[in-house]
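Read off the chains here:
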Amino acid sequence: MKIILASSSPRRVKLLREIVADFEIKIPEIDEKIESEKSATENCERLAAEKARAVFESSSITLGGDTLGEFAGEILGKPRDKKEAAEFLRKLAGEKHAVISAFCAKTDTHEIVGHAKTWVEFAEIADAEIEKYVAENPVENFAAGYAIQNLPKNFVVKIDGAIETVVGFPVAEIRKILNDLRVGQI
């Protein structure tokens, strides 16, 4: 069965390649608006499902994904600009926050939506370090204003959960769903 990845994220492409060698990439055109009355998890799962639905083709397994940060009840999506990314990082400095990566696997007969959550604890970070990171990276493309794989090592104290979740695609969960769909267990 053909697999389609509904994403423009090079990080999701790389992570999916760890599971399957052959898949198509289709970029979904959806409004990634955060609904303030819903939780980060609800928003993340909704967006993953909308992405999969937007590019779904019959006789395929279409995968959508989304990632959001959450700190003290605030949803941290992609920042509007570098200034907002720096604000996010200042909030997270010295604190622990959650990163939620949701997925949707859609077929002709099923739509499986779920998520994984990983906790990330940041060190205290000097303003100069934050400004340097923001200036040197495309932070507007990253939930919570950062990409774990290119953060300076001294930013992170501890990661509690799968790092792939923070990167943007919960590999273990996706692998299981793809295996179950292929062998007819779902």
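Above this note sits the structure.
First, a word on scope: everything that follows refers to the structure included in this document. (Residues numbered from 1 in each chain as written. Predicted model: local features only at pLDDT ≥ 70, side-chain atom pairs only at ≥ 80, totals over all residues. Heavy atoms only, no water.)

1. Some words on the side chain of Thr107
For clarity, the threshold we go by: Labels follow the DSSP assignment, with helices taken as runs of H or I lasting at least four residues and strands as runs of E lasting at least two, numbered in each case from the N terminus. We call a residue buried when its accessible area falls under 20% of the maximum for its residue type, exposed when it is over 50%, and partly exposed in between, using a 1.4 Å probe and counting protein chains only.
Here Thr107 shows up in the loop between β5 (96-106) and β6 (111-122). For Thr107, a relative accessible area of 6% puts it in the buried group.

2. Re the pairing of β5
What counts, and what does not: A pair of strands is labelled paired if DSSP reports no fewer than 2 bridges between them.
By the criterion of burial, β5 is predominantly enclosed, with ten of the eleven residues buried. Here β5 pairs with β6 via eleven bridges, running antiparallel. Among the inter-strand pairings, Ser101 is bridged to a residue of β6, identified as Ala116. If you look at the hairpin formed by β5 and β6, you'll find four residues sitting between the two strands.

3. Quick look at the packing of aromatic side chains
Put simply, the rule reads: Working definition: a ring pair exists when centres of Phe, Tyr or Trp rings (six-membered ring for Trp) sit within 6.5 Å. Plane angles under 30 degrees give stacked, over 60 give edge-to-face, the rest tilted. Charge-over-ring contacts are defined here by two conditions on Lys NZ or Arg CZ: a distance within 6 Å of the ring centre and an angle within 35 degrees of the ring normal.
Within the structure shown, the criterion is met by two aromatic pairs. Ring geometry for Tyr133 and Phe155: centres 6.0 Å apart, planes at 55 degrees, overall tilted. One end of the pair, Tyr133, is in helix α4 (residues 127-136); the other, Phe155, is in the loop between α4 and β7 (156-160), with 22 residues separating them in the sequence. Look at Tyr133 and you get buried, because its relative accessible area is 3%. For Phe155, a relative accessible area of 1% translates into the label buried. Here the guanidinium or amino end of Lys106 rests over the ring plane of Phe56, the centre of that ring lying 4.8 Å away.

4. Focus: helix α2 (residues 40-55)
Test applied: Any helix carries an expected span of 1.5 Å times its number of residues minus one.
Over its 16 residues, α2 runs 23 Å from end to end, which matches the ideal 22 Å to within 8%, given 1.5 Å per residue. Taken as a whole, α2 has its buried residues at Ala40, Thr41, Asn43, Cys44, Arg46, Leu47, Ala48, Ala49, Lys51, Ala52 and Val55.

5. Structural notes on the side chain of Ser101
Heads up, the condition is: Here a polar contact is taken to be a pair of N or O atoms separated by no more than 3.5 Å, where protein atoms must pair a possible hydrogen donor with a possible acceptor and residues adjacent in sequence count only if both atoms sit in side chains. Contacts are assigned to residue pairs with any non-hydrogen atoms lying within 4.5 Å of each other.
Here Ser101 shows up in strand β5. There is a polar contact of 2.8 Å between the side chain of Ser101 and the side chain of Thr67. Non-local contacts of Ser101, meaning those with residues more than four positions away in its chain, are made with Cys44, Asp66, Thr67, Gly114, His115, Ala116, Thr165, Gly168, Phe169 and Pro170.

6. Topic: the nonpolar core
Short version of the rule: Working definition of a nonpolar core: buried Ala, Val, Leu, Ile, Met, Phe, Trp, Tyr and Cys residues. They are joined through side-chain atoms within 4.5 Å.
Counting 24 residues, the largest nonpolar core has Phe122, Tyr133 and Tyr146 as its most contacted members. Elements supplying a minimum of two residues to this core: α3 (82-92), β6 and α4. The element best represented in this core is α3, accounting for five residues. In contact with Phe122, other than residues within four places in its own chain, are Leu89, Leu92, Ala93, Gly94, Glu95, His97, Tyr146, Leu151, Phe155, Val156 and Val157. Formed by 19 residues, the second largest nonpolar core is a distinct cluster that contains Leu15, Ile19, Val171 and Leu181.

7. Observations regarding the state of the cysteines
Spelled out, the test is: Cysteine sulfur atoms that pair up within 2.5 Å are treated as a disulfide.
Evaluation of the coordinates by the stated rule reveals zero disulfides. Counting only cysteine sulfurs, Cys104 is the nearest neighbor of Cys44, a cysteine outside any disulfide, at a range of 12 Å.

8. With respect to the pattern of salt bridges
This is how the line gets drawn: Counted as salt bridges are all cases of a side-chain nitrogen of Lys or Arg within 4 Å of a carboxyl oxygen of Asp or Glu.
Tallied over the full model, the rule gives 16 salt bridges. Lys38 is paired through a salt bridge with Glu35; the nearest N and O atoms lie 3.0 Å apart. With a relative accessible area of 21%, Glu35 lands in the partly exposed category. Between Asp66 and Lys51 there is a salt bridge; the shortest N-O distance is 2.7 Å.

9. Focus on the environment of Pro152
On the secondary structure map, Pro152 appears in the loop between α4 and β7. Exposure remark for Pro152: the relative accessible area of 33% places this residue in the partly exposed category. Expressed as a C-alpha distance, the spacing of Pro152 and Tyr133, which sit 19 residues apart in the sequence, is 8.1 Å.

10. Focus on the environment of Asp160
Relative to the assigned elements, Asp160 resides in strand β7. Between the C-alpha atoms of Asp160 and Gly94, which are 66 residues apart in sequence, the distance is 15 Å. Dropping the residues within four chain positions of it, Asp160 is found in contact with Thr118 and Trp119.

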